[in-house]
Amino acid sequence: METSARLAVISGGGGGIGRALCRELVQRGYEVVALGRSPRRLRELEAMTVRAADAGASDHPPVRGVVCDVTDETETDRVLSALGPVSVLVNNAGTAESAPLHDTTLRSWHDHLAANATSAFLLTRQVIPGMRERDRGRVVFIASTAARAGTPYTAAYTASKHAMLGLARVVAAEVAGTGVTSNAVCPSFVRTPMTERSVQRIAERTGRTPEAAQQALTDSGPLGRLVEPEEVAAAVGYFVSDAAACVNGQSLVLDGGGIQS
Ligand SMILES: NC(=O)c1ccc[n+]([C@@H]2O[C@H](COP(=O)([O-])OP(=O)(O)OC[C@H]3O[C@@H](n4cnc5c(N)ncnc54)[C@H](OP(=O)(O)O)[C@@H]3O)[C@@H](O)[C@H]2O)c1
């Protein structure tokens, strides 16, 4: 798994936002490694990016999928140790379920913290020493508006995203003054399979149509529509760019103006 080009690692690269992140970073000239648990989703991602790439421009797929449960320390250590120097890490893997606090199980609480916060801790802890040694690197966290505010029925998700954003800020404080930066993107509802599952759950619980359930989600903020995965990817593209070399410890909210700094 040795690599020589500028390497970007994206957790959850086979998901809705992950795919857009892969495209964005390939377009910016990175060799991309996407981490996920489902071999099928990773193979689909590879096939998609091969089709999109200029045929013959590269000896290998522009995105390589690597099976890795990013909540497992042994797996993250094994996978990242086998890669070359990582230039960009995007902590994007995550999970989201909703329930009133009194119905939130301990299992769900732990699962959210593991997928949304511990994963970012394990991956970031692994890449930061190399980035600091090279005095160059970018870590971006795909947090959420749930990292910046509390909304009903999201205790486990919101707590885990607050933890993720806290980690992003600590990393920023530790790398301040170096060539490494740590920033977060905080979108409201994005058009991805995760949101489709939320819409489905709302429809089942409330008896609304899926269209009405999605409308209820988009009506909850000023944007009045879902955020597109490409809009999240563009924000990440900015944070990894040379133009953002002086931006560290920030969380960029993509919600049309519901949450203000
Ligand atoms: N969709 C939204 O409205 C929204 C809004 C704000 C923030 N976000 C955040 O954006 C990120 C991406 O979400 P999405 O909407 O693109 O969801 P998605 O389509 O469900 O993708 C989630 C990805 O995370 C991966 N993943 C989950 N647990 C993992 C684990 N233990 N190990 C490795 N990979 C794991 C999944 O891959 P496998 O299942 O194959 O492992 C999948 O590729 C999440 O952190 C989410 O919280 C989403």
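Residues numbered from 1 in each chain as written. Predicted model: local features only at pLDDT ≥ 70, side-chain atom pairs only at ≥ 80, totals over all residues. Heavy atoms only, no water.

> Hey, could you run me through the pattern of salt bridges in this one?
For side chains bearing opposite charge, pairing can occur when the charged atoms are close. Enumeration according to the criterion identifies 11 salt bridges in this entry. A salt bridge links Arg23 to Glu230; the nearest nitrogen and oxygen atoms lie 3.0 Å apart. Highlighted residues: Arg23 in helix H1 (residues 16-27) and Glu230 in helix H8 (residues 229-240), separated in sequence by 207 residues. On the accessibility criterion, Glu230 (42% relative accessible area) is partly exposed. (Salt bridge = Lys/Arg side-chain N within 4 Å of Asp/Glu carboxyl O. Helix = DSSP H or I, 4+ residues; strand = E, 2+ residues; numbered from the N terminus. Buried < 20%, exposed > 50% of the residue type's maximum accessible area, 1.4 Å probe, protein only.)

> I'm lost on the pairing of strand S6 (residues 180-187) in this one. Help?
Sheet faces and side chains relate simply in a regular strand, where the side chains alternate between the two faces. Burial analysis of S6 places eight of its eight residues in the buried class, the great majority of the element. Covered by surrounding structure in S6 are Val180, Ser182, Ala184 and Cys186 together with Thr181, Asn183, Val185 and Pro187, the residues of both alternating faces. When strand S5 (residues 137-142) meets S6, the two strands line up parallel, connected through six bridges. In the sheet register, Gly137 faces S6, and the bridge partner there is Val180. Where the polypeptide runs from S5 across helix H5 (residues 155-175) and back to S6, its parallel neighbour, the crossover connection is right-handed. In this structure, S6 lies alongside strand S7 (residues 251-254), joined through four bridges in parallel fashion. Within S7, the residue paired with Ala184 across the bridge is Ser251. (Pairing = 2+ DSSP bridges. Right-handed = clockwise from strand over helix to strand, strands pointing away.)

> I'm lost on the domain arrangement of the chain in this one. Help?
A common measure of how large an interface is: the accessible area buried when the components associate. Domains assigned within the chain are domain 1 (7-187 + 231-252) and domain 2 (189-226). For domain 1 and domain 2, the distance between their C-alpha centroids amounts to 24 Å. With both sides pooled, the region where domain 1 packs onto domain 2 buries about 680 Å², and carbon together with sulfur makes up 54% of that total. Interface area lost by domain 1 to domain 2 is led by Ala96, Ser98 and Glu231, which between them contribute 45%. (Domains from an automatic or database assignment. Buried area = accessible area lost by both parts, 1.4 Å probe.)

> What is the right way to read the site of the ligand from this model?
Within the structure, the ligand sits among 30 residues, and Arg37, Tyr157, Val190, Thr192 and Arg197 are positioned closest to it. The backbone of Ile17 places a nitrogen or oxygen atom 2.8 Å from an oxygen atom of the ligand. At 2.9 Å from an oxygen atom of the ligand is found a side-chain nitrogen or oxygen belonging to Lys161. Here the ligand loses 94% of its free accessible area of 880 Å² to cover by the protein chains. Those elements giving two or more residues to the shell around the ligand turn out to be H1, H5 and helix H6 (193-206). Sorting elements by how many residues they give to the shell around the ligand places H6 first, with four residues. (Near = heavy atom within 4 Å. Polar contact = N/O pair within 3.5 Å; in protein donor to acceptor, adjacent residues only side chain to side chain. Areas by Shrake-Rupley, 256 points an atom, 1.4 Å probe, with all protein chains shown as cover.)

> When you look at the packing of helix H3 (residues 73-81) against helix H4 (residues 106-134) in this model, what are you seeing that I'm missing?
If you want to describe how two helices pack, look at the angle between their axes and the distance between the axes. Contact geometry for H3 and H4: axes closest at 10 Å, N-to-C directions at 35°. Considering how the two elements wind past one another, H3 and H4 form a crossing that is right-handed. Where H3 abuts H4, its residues Glu73, Thr76, Asp77, Leu80 and Ser81 lie against Leu122, Leu123, Arg125, Gln126 and Val127. Looking at the contact of H3 with H4, its residues break down into four nonpolar, three polar and three charged. (Axes fitted to C-alpha atoms, helices over the stretch in contact; angles between N-to-C directions. Left-handed = near helix turned anticlockwise from the far one by under 90°. Contact = heavy atoms within 4.5 Å. Nonpolar A, V, L, I, M, F, W, Y, C, P; charged D, E, K, R; others polar.)

> Looking at this model, I keep getting lost on H5. Mind explaining?
Counting along an α-helix, one turn takes 3.6 residues, and residues three or four places apart therefore face a common direction. Spanning 21 residues, H5 covers 30 Å between terminal C-alpha atoms, matching the ideal 30 Å at 1.5 Å per step. Within the span of H5, buried status applies to Ala156, Tyr157, Thr158, Ser160, Lys161, Met164, Leu165, Leu167, Ala168, Val171, Ala172 and Val175. (Expected span 1.5 Å × (residues − 1).)

> Is there a simple way to think about the layout of surface pockets in this case?
Leftover empty space is mapped by rolling, across the atoms, a probe with the size of a water molecule. There is about 150 Å³ of room inside the second largest pocket. Lining the second largest pocket, in full, are Phe121, Thr124, Arg125, Ile128, Leu167, Val170, Val171 and Glu174. Elements supplying a minimum of two residues to the lining of the second largest pocket: H4 and H5. Classifying every residue of the lining of the second largest pocket by side-chain character gives five nonpolar, one polar and two charged. (1 Å grid on protein atoms, 1.4 Å probe; cavity = no way out; pocket = protein on both sides within 12 Å on 5 of 7 lines; lining within 4 Å. Points joined across faces, edges and corners; volume = space filled by probe spheres on them.)

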